[in-house]
Amino acid sequence: MLHDIARAEKEHAQIGADWINREGYPRVAEVIEFHHLLSSYDEERITEKTIVYLADKKVSGCQRISIDERFNKSRKKCTTLVGKVKHRLAYLQAKKVESLLEEAMGY
């Protein structure tokens, strides 16, 4: 839940990261900052960022959901071409990270 500490704000990932960084937790701040979109480096390996990123995509409220459910639900909010492209990128990244973690766990 810490990754959404500033969820009420429009740019909550960055605002939350800045806040936690000012409190003296730069590594936690970096995880918070990238919970919406990972760097290409992080989508290729299992890190704290990838785990929080995927957990963020697979939980809605207190319910576990699939990535497809999550992105089907949020797709309706994307009304511009840029929004739709970012949404698709995040979806593909989430599927890639999910596959990476499942492979590592032997699924």
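Residues numbered from 1 in each chain as written. Predicted model: local features only at pLDDT ≥ 70, side-chain atom pairs only at ≥ 80, totals over all residues. Heavy atoms only, no water.

*Asks:* I'm lost on the side chain of Glu98 in this one. Help?
*Replies:* By the secondary structure assignment, Glu98 is in helix H5 (residues 81-104). Given the relative accessible area of 13%, Glu98 is considered buried. If we skip the residues at most four places from it in the chain, Glu98 touches Leu54, Lys58 and Ile67. (Helix = DSSP H or I, 4+ residues; strand = E, 2+ residues; numbered from the N terminus. Buried < 20%, exposed > 50% of the residue type's maximum accessible area, 1.4 Å probe, protein only. Contact = heavy atoms within 4.5 Å.)

*Asks:* Honestly, helix H1 (residues 12-22) in this entry has me stumped. Any pointers?
*Replies:* Along an α-helix, a turn takes 3.6 residues, which lines up residues three or four apart on a common side. Along H1, the residues that are buried comprise His12, Ala13, Gly16, Ala17 and Ile20. The arc that holds every buried residue of H1, seen down its axis, measures 125°, which confines them to one face. At its buried positions, H1 is contacted by helix H2 (26-33). Gly24, located one to two residues past H1, shows a positive phi value of around 100°. (Arc of directions from axis to C-beta.)

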